[in-house]
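Architecture and fold: a report
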Amino acid sequence: MRSIKVQVILWGAQRLSALVLALCVLVHLATIIYAVRSGLTAAHIVSRLHQSSLWTVFYSLFVLAIAIHAPIGLRTVVAEWGYQGRIIDGLLGTIALALVVGGFRALFALQGLA
Amino acid sequence: MKNDFRSRNHPAYWAFILHRMSGVALSLFLPLHFWALGQALQGEIKLQGFLRWTEQPWVKIAETLLVVLLAAHMSGGVRLLMLEFLPWRSWHKTLLALALGVSVAMGLMFLLSVF
Amino acid sequence: MSELTVRIWRGLEAENGEFQDYKVPRLESQTVLDVVTYVQRRVDASLSYRFACRVGVCGSCAMSVNGVSRWTCRTHVSKVAKDGLLEIAPLRNLPVIKDLVTDMSVFFDKWAKARGQFQGEHTRHEAFAQVKPDSKARKNVDAAIECIGCGVCYSSCEVVSWNADYLGPAALSRAWTLVNDVRDVAQKERLQAVAGDAGCQACHTHITCTERCPKGISPTAGIAGLKRAVLNASLKGEL
């Protein structure tokens, strides 16, 4: 059982990342809908990414926000299904790390294509 | 004694269920999404090959579902942020309807664009 | 005269009981409390249930009617008995003592745990406190102060059933009225008491409590206020 202070921090981090994600998802959905209109190709994705370094900043922020938001959300779900404790927290921390690694790997992969 | 569905059968609770289920579903989808994009590590041709696989109609339907889930989770989440951080409003049920409307609209926009 | 089939829960513990059927004459303007009273007086004297005022003021007669928690004295049979069938059970999320009577100790213990008691520092020798009735804080108090501790919201809350430590809507709503009480001096302690996974943070805004409260109070609104107050305290390092 984490201390009250930590519990509130986790809750606050969830809400803050939610705010960031609300904006990111809006942009992401708009981009998706625009991009699929003429058929999605690798060339399109890559050229858009290379158009501006703002996209790199955007997706980096997106990945970090998800890595905070999803594990804390899952922690609550799992706790209400009856599972909590240090092991669960450790597992969720690993998931957070995996999301950061996976997300930046994907971003790096797409950046790497010229 | 615990409650059964009769006690929870009202819109704000369904909104919660949708929010929770979409959140869990999206969490499960994310690793797949990162893996698929990571295909680019093996070159543009590999990524393009994968994208061609996604041209299949059933994949497009699945993608539409994902878009709806994402839009629902986001709009439902914005609704919650408003309820928690802004002064309480008596028209919170209208807010719910708005959130639902936005998700359906986004889903439809995607569906129309992808086919 | 038509008849009502009433299914009433009988037993000594939640796990050790069953529904029993009774036939009750259907009367105009009958309330569910009238029905329970009829069964106990005319059919089976061993039925245990609680009531007091019979007129929607005390909250003692709260039970689960057709799955929904409500005051039975203010529930007309005509409004809830679909096809002449009525199912009456004790309030949920509370231990059952017997039949329709629950043990409300844990409900009131959580009230205390949430620091639901006023703590002032003035004595009779000081002047009266001046609280403007149209101030934002006083309006917040007004919206939630009429709670009579009937337990309907607690019985209806899903988070209470999922999380045994969760303080619940009534306790948190009461704490909210005190957080808004400008005379109270235990604010820091109170916010510490209501914060965390067993406190206001656990509320998922199902809004079931608000839906069911017979006094029109919105515990959800109060709990949202507590979330903001707790976050502020946390950012200021007071938690």
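What counts and how
- Residues numbered from 1 in each chain as written.
- Chains lettered and ligands numbered in written order.
- Predicted model: local features only at pLDDT ≥ 70, side-chain atom pairs only at ≥ 80, totals over all residues.
- Contact = placed C-beta atoms within 7 Å.
- Helix = DSSP H or I, 4+ residues; strand = E, 2+ residues; numbered from the N terminus.
- Pairing = 2+ DSSP bridges.
- Axes fitted to C-alpha atoms, helices over the stretch in contact; angles between N-to-C directions.
- Buried ≥ 20, exposed ≤ 12 C-beta atoms within 10 Å, placed from the backbone.
- Nonpolar A, V, L, I, M, F, W, Y, C, P; charged D, E, K, R; others polar.
- Expected span 1.5 Å × (residues − 1).
- Core = buried A, V, L, I, M, F, W, Y, C linked by C-beta atoms within 7 Å.
- Domains from an automatic or database assignment.

Turning next to the interface of chain C and chain A. Across the boundary between the two partners, chain C contributes eleven residues, which contact eight residues of chain A. Take the side of chain C that touches chain A: its biggest share by element is three residues, from helix α10 (residues 219-235) of chain C.

Attention now moves to the sheet that holds strand β3 (residues 62-65) of chain C. Residue and element names in this part refer to chain C. Strands sit in the order β2-β1-β5-β3-β4 across an open sheet of five strands; the sheet is mixed. Both outer strands of the open sheet, β2 (16-25) and β4 (68-71), are each paired with one neighbouring strand and no more. Put simply, the sheet's adjacent strands are angled 30 degrees from each other on average, direction ignored. Strand direction decides the pairing type here: strand β1 (residues 3-13) and strand β5 (residues 85-89), joined by four bridges, are parallel. Note on β5: the bridge partner recorded for valine 6 is leucine 86. The sheet strands contacting helix α1 (residues 32-43) are β1, β2, β3 and β5, and the helix crosses β2 at an angle near 95 degrees.

All names here are of chain C. Within the chain, asparagine 66 stands out as a residue other than glycine whose phi angle is a positive 50 degrees. You can call asparagine 66 partly exposed: it has 18 C-beta atoms within 10 Å. With phi around 55 degrees, threonine 205 is a residue other than glycine that occupies positive phi space. With respect to the helices and strands, threonine 205 occurs in the loop between α8 (187-194) and α9 (208-212).

Opposite the 27 residues of chain B that make contact, chain A presents 27 residues. For the side of chain B that touches chain A, the class distribution of residues is 19 nonpolar, six polar and two charged.

Compared with an ideal rise of 1.5 Å per residue, which puts 23 residues at 33 Å, helix α5 (residues 92-114) of chain B spans 33 Å between its outermost C-alpha atoms and is within 8% of the ideal. Among all positions in α5 of chain B, only Ala99, Ser103, Met106, Gly107, Phe110 and Val114 of chain B are buried. The inward-facing, buried residues of α5 of chain B contact α1 (4-35) of chain A together with α4 (57-85) of chain B.

Counting 71 residues, the largest nonpolar core has Ile88, Leu172, Ala175, Val194, Leu226 and Val230 of chain C as the members making the most contacts within it. Two domains each provide a minimum of three residues to this core, namely domain 1 (3-102) and domain 2 (105-235) of chain C. With residues near it in sequence (within four places) discarded, isoleucine 88 of chain C still touches Val6, Ile8, Trp9, Val32, Val36, Met63, Val65 and Leu100 of chain C. Of all hydrophobic cores here, the second largest spans 33 residues; its members include Val25 and Ala67 of chain A together with Ala72 and Val78 of chain B.

Attention shifts here to α1 of chain A. An ideal rise of 1.5 Å per residue puts 46 Å on 32 residues; α1 of chain A measures up with 45 Å between its terminal C-alpha atoms. Among all positions of α1 of chain A, only Ile4, Gln7, Val8, Trp11, Ser17, Ala18, Leu21, Val25 and Ile32 of chain A are buried. Contacts made by the buried residues of α1 of chain A are with α3 (53-80) of chain A, α4 and α5 of chain B together with α8 and α10 of chain C.

Moving on: the domain arrangement of chain C. Residues and elements named next belong to chain C. Taken as a whole, chain C is organised into domain 1 (3-102) and domain 2 (105-235). Each of domain 1 and domain 2 has a C-alpha centre, and these two points are 30 Å apart. Across the contact, twelve residues belong to domain 1 and 14 residues belong to domain 2. Here the side of domain 1 that touches domain 2 gets three residues from one element, more than from any other, and that element is β4. Of the residues belonging to the side of domain 1 that touches domain 2, the class tally is five nonpolar, four polar and three charged.

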